[in-house]
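Summary of the model geometry
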Amino acid sequence: MTITSEVDPAGRTVQRMVREPEWDDEQRAYVVEYLAWRRRIGPHGHPMDEATSPLADPANENAQWRYYADPLPIVDYAMREREMAREAYKKQIGEEGSMAGLIFTVERVNIEDRPRLL
(Lines give C-alpha, C1' and ligand atoms only; values in the text may rest on other atoms or scores of the structure.)
Protein backbone atom coordinates (compact mmCIF):
# COMPACT_ATOMS: atom_id res chain seq x y z
CA MET A 1 0.00 0.00 0.00
CA THR A 2 1.29 3.41 -0.93
CA ILE A 3 0.04 6.66 0.63
CA THR A 4 0.70 9.89 -1.22
CA SER A 5 -0.10 13.48 -0.30
CA GLU A 6 -1.50 15.77 -2.98
CA VAL A 7 -2.89 19.29 -3.12
CA ASP A 8 -6.37 19.45 -4.61
CA PRO A 9 -7.62 22.37 -6.79
CA ALA A 10 -8.98 24.13 -3.66
CA GLY A 11 -5.49 24.14 -2.14
CA ARG A 12 -6.22 21.48 0.48
CA THR A 13 -3.73 18.71 1.15
CA VAL A 14 -5.33 15.32 0.65
CA GLN A 15 -3.91 11.87 1.05
CA ARG A 16 -4.47 9.12 -1.43
CA MET A 17 -4.01 5.45 -0.65
CA VAL A 18 -3.16 3.12 -3.51
CA ARG A 19 -3.38 -0.59 -2.82
CA GLU A 20 -0.98 -2.84 -4.63
CA PRO A 21 -2.35 -6.06 -6.07
CA GLU A 22 -1.91 -9.04 -3.76
CA TRP A 23 -0.49 -11.16 -6.58
CA ASP A 24 1.62 -10.18 -9.53
CA ASP A 25 1.25 -11.60 -13.07
CA GLU A 26 3.78 -14.37 -12.46
CA GLN A 27 2.05 -15.56 -9.29
CA ARG A 28 -1.34 -15.54 -11.03
CA ALA A 29 0.12 -17.58 -13.89
CA TYR A 30 1.46 -20.15 -11.42
CA VAL A 31 -1.94 -20.49 -9.76
CA VAL A 32 -3.75 -20.83 -13.08
CA GLU A 33 -1.28 -23.54 -14.15
CA TYR A 34 -1.61 -25.34 -10.81
CA LEU A 35 -5.43 -25.33 -11.03
CA ALA A 36 -5.27 -26.69 -14.60
CA TRP A 37 -2.93 -29.45 -13.41
CA ARG A 38 -5.12 -30.22 -10.38
CA ARG A 39 -8.21 -30.69 -12.59
CA ARG A 40 -6.34 -33.45 -14.43
CA ILE A 41 -5.82 -35.52 -11.27
CA GLY A 42 -8.23 -38.39 -10.66
CA PRO A 43 -9.58 -39.62 -7.33
CA HIS A 44 -6.66 -42.05 -7.12
CA GLY A 45 -4.06 -39.27 -7.26
CA HIS A 46 -2.83 -40.01 -10.80
CA PRO A 47 -3.37 -37.86 -13.93
CA MET A 48 -6.53 -39.07 -15.70
CA ASP A 49 -4.95 -38.88 -19.15
CA GLU A 50 -2.31 -41.37 -17.97
CA ALA A 51 -4.66 -43.58 -15.93
CA THR A 52 -7.05 -43.98 -18.87
CA SER A 53 -4.38 -44.24 -21.57
CA PRO A 54 -4.08 -47.39 -23.70
CA LEU A 55 -0.42 -47.27 -22.67
CA ALA A 56 -1.56 -48.38 -19.19
CA ASP A 57 -3.93 -51.11 -20.42
CA PRO A 58 -2.74 -54.51 -19.12
CA ALA A 59 -4.23 -56.10 -22.26
CA ASN A 60 -2.06 -53.90 -24.51
CA GLU A 61 1.15 -55.73 -25.41
CA ASN A 62 2.74 -52.33 -26.14
CA ALA A 63 1.77 -50.85 -22.76
CA GLN A 64 4.43 -48.72 -21.15
CA TRP A 65 3.32 -48.77 -17.50
CA ARG A 66 1.07 -50.57 -15.08
CA TYR A 67 -0.85 -49.58 -11.99
CA TYR A 68 -0.84 -51.76 -8.91
CA ALA A 69 -3.18 -51.26 -5.95
CA ASP A 70 -2.00 -51.97 -2.44
CA PRO A 71 -4.02 -54.99 -1.27
CA LEU A 72 -4.29 -53.51 2.23
CA PRO A 73 -6.54 -50.46 2.34
CA ILE A 74 -5.89 -47.42 4.46
CA VAL A 75 -8.74 -46.01 6.49
CA ASP A 76 -9.87 -42.45 6.03
CA TYR A 77 -11.45 -42.03 9.45
CA ALA A 78 -13.17 -38.78 8.56
CA MET A 79 -14.77 -40.39 5.49
CA ARG A 80 -15.63 -43.50 7.51
CA GLU A 81 -17.47 -41.39 10.10
CA ARG A 82 -19.25 -39.46 7.34
CA GLU A 83 -20.41 -42.62 5.57
CA MET A 84 -21.56 -44.18 8.85
CA ALA A 85 -23.66 -41.05 9.55
CA ARG A 86 -25.07 -41.27 6.03
CA GLU A 87 -26.00 -44.95 6.47
CA ALA A 88 -27.63 -44.27 9.86
CA TYR A 89 -29.67 -41.38 8.45
CA LYS A 90 -30.79 -43.46 5.47
CA LYS A 91 -31.94 -46.20 7.82
CA GLN A 92 -33.82 -43.58 9.88
CA ILE A 93 -35.72 -42.08 6.90
CA GLY A 94 -36.36 -45.43 5.22
CA GLU A 95 -36.21 -46.55 1.62
CA GLU A 96 -38.74 -43.97 0.45
CA GLY A 97 -36.75 -41.06 1.92
CA SER A 98 -34.55 -39.08 -0.43
CA MET A 99 -30.88 -38.45 0.26
CA ALA A 100 -30.62 -36.05 -2.69
CA GLY A 101 -28.56 -32.98 -1.88
CA LEU A 102 -27.73 -34.00 1.69
CA ILE A 103 -24.21 -33.23 2.87
CA PHE A 104 -22.87 -34.82 6.03
CA THR A 105 -20.18 -32.69 7.57
CA VAL A 106 -17.32 -34.01 9.67
CA GLU A 107 -15.61 -32.11 12.45
CA ARG A 108 -12.29 -32.97 14.04
CA VAL A 109 -12.53 -32.87 17.83
CA ASN A 110 -9.58 -33.45 20.12
CA ILE A 111 -10.31 -36.36 22.46
CA GLU A 112 -9.68 -34.31 25.62
CA ASP A 113 -12.15 -31.65 24.35
CA ARG A 114 -15.09 -33.93 23.64
CA PRO A 115 -17.91 -34.28 26.17
CA ARG A 116 -17.64 -37.33 28.39
CA LEU A 117 -20.55 -39.74 28.30
CA LEU A 118 -21.66 -41.30 31.58
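Look above for the structure.
Scope of this entry: the structure provided in the associated data block.

1. Topic: the overall build of the protein chain
- If you tally the helices and strands in the protein chain, you get three helices and two strands.
- Put simply, the protein chain runs from its N terminus to its C terminus through helices and strands in the order β-β-α-α-α.
- In terms of C-alpha radius of gyration, the protein chain reaches 28 Å, well past the compact-globule figure of 13 Å for 118 residues.
- Summarising its shape, the C-alpha atoms of the protein chain cover approximately 80 × 60 × 35 Å along the three principal directions.
- In the protein chain, buried positions account for 7% of the 118 residues.
- By sequence separation, contacts in the protein chain at least 24 residues apart represent 3% of the contacts at least 6 residues apart.
- Between the centroid of the 16 positive side chains of the protein chain and the centroid of its 22 negative side chains there is a distance of 5 Å.

2. Some thoughts on the pattern of salt bridges
- Applying the stated rule across the entire model yields four salt bridges.
- We note a salt bridge from D25 to R28, for which the minimum N-O separation is 2.3 Å. Here R28 and D25 lie together in helix α1 (residues 25-39), a separation of three residues that amounts to about one turn.
- Using a relative accessible area of 58% as the deciding quantity, one classes D25 as exposed.
- The class of R28 is partly exposed, set by a relative accessible area of 38%.

3. Some words on the layout of surface pockets
- One number sums up the size of the largest pocket: a volume of about 190 Å³.
- What lines the largest pocket is simply H44, H46, A51, Y67, Y68, A69 and D70.
- In the lining of the largest pocket, the residues fall into four nonpolar, two polar and one charged.
- Of the volumes computed, that of the second largest pocket is approximately 160 Å³.
- E107, R108, V109, I111 and R114 are the residues that line the second largest pocket.
- When grouped by side-chain class, the residues that make up the lining of the second largest pocket number two nonpolar, no polar and three charged.

4. Overview of the environment of R66
- Within the fold, R66 resides in the loop between α2 (48-51) and α3 (77-93).
- Sequence-wise, R66 and A51 are 15 residues apart; in three dimensions their C-alpha atoms are separated by 9.1 Å.
- Leaving out residues up to four positions away in the same chain, R66 has contacts with A56, D57, P58 and N60.
- Separated by 3.4 Å, the side chain of R66 and the backbone oxygen of P58 make a polar contact.

5. Regarding the pairing of strand β1 (residues 2-7)
- Counting buried positions over the six residues of β1 gives zero, only a small fraction of the element.
- Pairing geometry for β1 and strand β2 (residues 13-18), over six bridges, is antiparallel. Along β2, the bridge assignment pairs T4 with R16.
- Count of turn residues in the β1/β2 antiparallel hairpin: five residues, of which G11 carries a positive phi of about 90 degrees.

About the criteria used
- Residues numbered from 1 in each chain as written.
- Predicted model: local features only at pLDDT ≥ 70, side-chain atom pairs only at ≥ 80, totals over all residues.
- Heavy atoms only, no water.
- Helix = DSSP H or I, 4+ residues; strand = E, 2+ residues; numbered from the N terminus.
- Rg over C-alpha atoms; globule rule 2.2 N^0.38 Å.
- Buried < 20%, exposed > 50% of the residue type's maximum accessible area, 1.4 Å probe, protein only.
- Contact = heavy atoms within 4.5 Å.
- Lys, Arg positive; Asp, Glu negative; His and termini not counted.
- Charge placed at Lys NZ, Arg CZ, Asp CG, Glu CD.
- Salt bridge = Lys/Arg side-chain N within 4 Å of Asp/Glu carboxyl O.
- 1 Å grid on protein atoms, 1.4 Å probe; cavity = no way out; pocket = protein on both sides within 12 Å on 5 of 7 lines; lining within 4 Å.
- Points joined across faces, edges and corners; volume = space filled by probe spheres on them.
- Nonpolar A, V, L, I, M, F, W, Y, C, P; charged D, E, K, R; others polar.
- Polar contact = N/O pair within 3.5 Å; in protein donor to acceptor, adjacent residues only side chain to side chain.
- Pairing = 2+ DSSP bridges.

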